[in-house]
Amino acid sequence: MRRSHRGKFVALAALLATAGGLVWWNQRPKPIGNDEQAERVLVVPAANWRYKPYLEKWGFVAQEGRLKTMVDELHEKLPEAKEDGPAAVLKLADWAGFAFVAFEDPAALDFSGLAIEGGVPTFEKHHRFAVVSAGDYAFPHKLTVNAEPSKFMNGPELDLLSALFAQEPLASTLRDDPKNGPDVIVLRTKVQEGIDAIDAIKAAEATVAKIADKARALLVDKEQADPKPTLVGGVQESVHPIALADGGILLLTRKANFSSSTGFNADLELDRTEHFFYIPAGADPVDGRVPCTGLLGGSLEVSGRVLLVRTSPQGDALLLHDGGRSRLFKLGSGGCNFSELGEITVPIPRGDNPGEPHASGRVVRVYDDNGESAVSLVKPGDQVASDLVRTSKLALSLPVWLDEQILAGTGRDTIADGTGAYRQALFFYAADRPDTALRIDAQNFDAADGLASVAWVPPGPQGARLLVQAWSSGGGERLFRVDAPRPRPSCSPTSSARPTRPRPRPRCATAWSRGSSRSTPATGPSPRSSTSSRPTTPPSRPTAAWSPSAATARSTSSRSPAARCAR
């Protein structure tokens, strides 16, 4: 009997629960209007940015409008509606058959009157969009926000897409789950372009990561020297390191903004602000970086496409050229402490090198125009540049400062010799003696065919020195050290561009290459006067000895003078 009564009570309880459920179902808020489709989205933008074209490209059906416009339209379509704000837009979406409403700048809106699953979240700074479910998907409403934007593939439209695909059933289309029903499979087919855009974000991050790995492998892992170098910057910035005279390093950095349209390529755009940092001597190259406020307060807004930076070989002077404007700075004591020496207003042709600065306040420039080549000096306040050498017979390269007076650079004849060759040479200039230059032909560098470049090195016991990169068809590239001649030659310009009396050749040049340490001195007559019909008597012993320490070294031709003055 007890069992019989217990069964009656269970049946009665089930009947009451069913009746209560029916009452709730009939009295609960119901969807209105058209049936909601998951690919239908209503967008409420906060800025002048159109999202409808993006959504339609990705397979969605979209409409967009400002909040006030949406509220007014609801009251026009449903005059009895009392809702306002986001609640009004959600009711309009329900009536029109939109499954989701995307609100831009959700932190500025009031969602407190809505029954949202889990409550209204705290919106972070990067939450550009909040997507709220509507109609059949709104019992209760579900609110999702966009993920933190990718550093390499981003944009407001992708933030919208990220917040949308956090909603079900769109989230299910991102998963290859065999349990997905027919509705999800059909939906996936409709929004496949949107799924591809989501996948492209992950692919872009993987692509940039590969770029960083390759850069590290090239710059660090493949380096054979010990210890291995340390990268002073990351893949997300452009870094220009400059060695300073105090042993520290000046870093000019610009943020590198990567973007990708497919996820498999990477486009790079640099930020327009150049930031200056300083690594003190001996400091950790990564953690030891500090802002260099001693240079223009630590940053510079670049007005041109590229900020051209030139430094003195000694690392104590800096030239910043931007938008046709050159500003000269000198390094002082106390860390990254630069003082501005002034602005150079003498213009240069677009695309030309702004020159190499020196701590004395002068900048050397090279011009090549109208068949003439010139090496000139200019300083702040000058109206025109002062030529050191101007000639139509040579094509001169930009020289380097060896000290406050001596400069050196390469050049090439513009008139072929008897063999049809355009001879190359090294030229020394004196800042206080214009219209003269000391020439050393390339063949004096162990019969080299040409000279590629020159570089300053710290002075030796007897004065300025430099490195010369020479090349020959038979011996390849080799490196020579040259001690600059002292005292500087006092040349008298003549029609044949030769000195009026014999001059000593450079004291020495040394070549470094693999092989034996055999040394062969070069021999040859001293230069002859260009105005005399008789040759001068050569010295009994050359004043310069070229000492290449290589198995392939051979002396220079005795028929060619080692040095002569050129105008």
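None of the values given here were measured: they were computed from a predicted structure.

**Q** Describe in detail the overall build of the protein chain, supporting the description with residues and values.
**A** In terms of helices and strands, the protein chain carries seven helices and 30 strands. A total of 567 residues make up the protein chain; the buried ones form 42% of that total. Sequence-distant contacts in the protein chain: of pairs separated by 6 or more residues, those separated by 24 or more amount to 54%. Of the roughly 30100 Å² that the protein chain leaves accessible, carbon and sulfur atoms contribute 52%.

**Q** An account of the sheet that holds strand β2 (residues 61-64) is needed here, citing residue identities and associated values.
**A** Spatially, the five strands line up as an open sheet ordered β2-β1-β3-β4-β5, and their pairing is mixed. With partners counted over all chains shown, the strands left at the sheet margins are β2 and β5 (143-145), one partner each. Across this sheet, the average inter-strand angle for adjacent strands is 25°, counted without regard to direction. Sheet topology note: the strand β3 (residues 98-104)/strand β4 (residues 129-133) ladder contains five bridges and is antiparallel. Residue E104 lies in a different strand from β4, and its bridge partner there is F129. Helix α4 (residues 85-96) rests against β1 (37-44), β3 and β4 of the sheet, and its axis sits at about 150° to β3. Its contacts with the sheet put helix α5 (residues 156-164) on β1, β3, β4 and β5, and the angle it makes with β4 is roughly 35°.

**Q** How would you sum up unusual backbone geometry? Please name residues and give values.
**A** The general pattern is negative phi for most residues beyond glycine and trans for most peptide bonds. Of the consecutive residues F139 and P140, the connecting peptide bond is found in the cis state with omega at -5°. Position of P140 relative to the elements: it lies in the loop between β4 and β5. Phi at L296 is positive, roughly 55°, even though this residue is not glycine.

**Q** Tell me about the environment of A134, and please be specific about residues and values.
**A** Along the chain, the position of A134 falls in the loop between β4 and β5. Distance from A134 to L92, taken between C-alpha atoms, is 9.2 Å for residues 42 residues apart in sequence.

**Q** Could you give me a rundown of the sheet that holds strand β18 (residues 372-378), with the residues and numbers involved?
**A** Within the open sheet, the four strands sit side by side as β16-β17-β18-β19. Their pairing is antiparallel. If you trace the sheet from one side to the other, it starts and ends with β16 (356-357) and β19 (386-391), each paired once. Where β18 meets β19, five bridges bridge the pair, whose relative direction is antiparallel. Bridge assignment links A374 to a residue of β19, and that residue is R390.

**Q** Could you give an account of the nonpolar core, with specific residues and numbers?
**A** In terms of nonpolar packing, the biggest core is built from 29 residues, with V43, L55, F60, L160, L164, F165 and L170 touching the most fellow members. Contributing elements (two or more residues each) for this core: β1, β3, β4, α5 and α7 (192-221). Top contributing element to this core by residue count: α7, with six residues. Setting aside chain neighbours within four positions, we find F60 in contact with A38, E39, V41, L55, L161, L164, F165, L170 and V191.

**Q** Hey, could you go over the packing of aromatic side chains for me, with residue numbers and the actual values?
**A** Following the criterion strictly, the structure yields eight aromatic pairs and no others. Taken together, a centroid distance of 5.1 Å and an interplanar angle of 90° make the contact between Y51 and F129 edge-to-face. Here F129 lies in strand β4 and Y51 lies in the loop between β1 and α2 (52-57), a separation of 78 residues in the sequence. Residues Y51 and F129 agree in their burial class; the two are buried. Plain terms: the ring middles of F60 and F165 are 6.1 Å apart, the flat faces sit at 80° to each other, and that makes the pair edge-to-face. Taken together, the positions of F60 in the loop between α2 and β2 and F165 in the loop between α5 and α6 (182-190) put the pair 105 residues apart, joining distant regions of the chain. The residues F60 and F165 share a single accessibility class, namely buried. Each member of the aromatic cluster is reached from another via a ring pair, and the members are W49, Y51 and F129.

**Q** I'd love a proper account of the pairing of strand β23 (residues 424-430), names of residues and values included.
**A** The side chains of a regular strand alternate between both faces of the sheet. β23 sits mainly inside the fold: seven of its seven residues count as buried. Burial along β23 is two-sided: the residues Q424, L426, F428 and A430 and A425, F427 and Y429 are all buried. Summarising the sheet, strand β22 (residues 406-413) and β23 pair through seven bridges and their orientation is antiparallel. Looking at β23, one finds that G409 is bridged to F427. Sheet topology note: the β23/strand β24 (residues 433-441) ladder contains five bridges and is antiparallel.

Analysis parameters
- Residues numbered from 1 in each chain as written.
- Predicted model: local features only at pLDDT ≥ 70, side-chain atom pairs only at ≥ 80, totals over all residues.
- Heavy atoms only, no water.
- Helix = DSSP H or I, 4+ residues; strand = E, 2+ residues; numbered from the N terminus.
- Buried < 20%, exposed > 50% of the residue type's maximum accessible area, 1.4 Å probe, protein only.
- Contact = heavy atoms within 4.5 Å.
- Areas by Shrake-Rupley, 256 points an atom, 1.4 Å probe, with all protein chains shown as cover.
- Pairing = 2+ DSSP bridges.
- Axes fitted to C-alpha atoms, helices over the stretch in contact; angles between N-to-C directions.
- Core = buried A, V, L, I, M, F, W, Y, C linked by side-chain atoms within 4.5 Å.
- Phe/Tyr/Trp six-rings, centres within 6.5 Å; stacked < 30°, edge-to-face > 60°.

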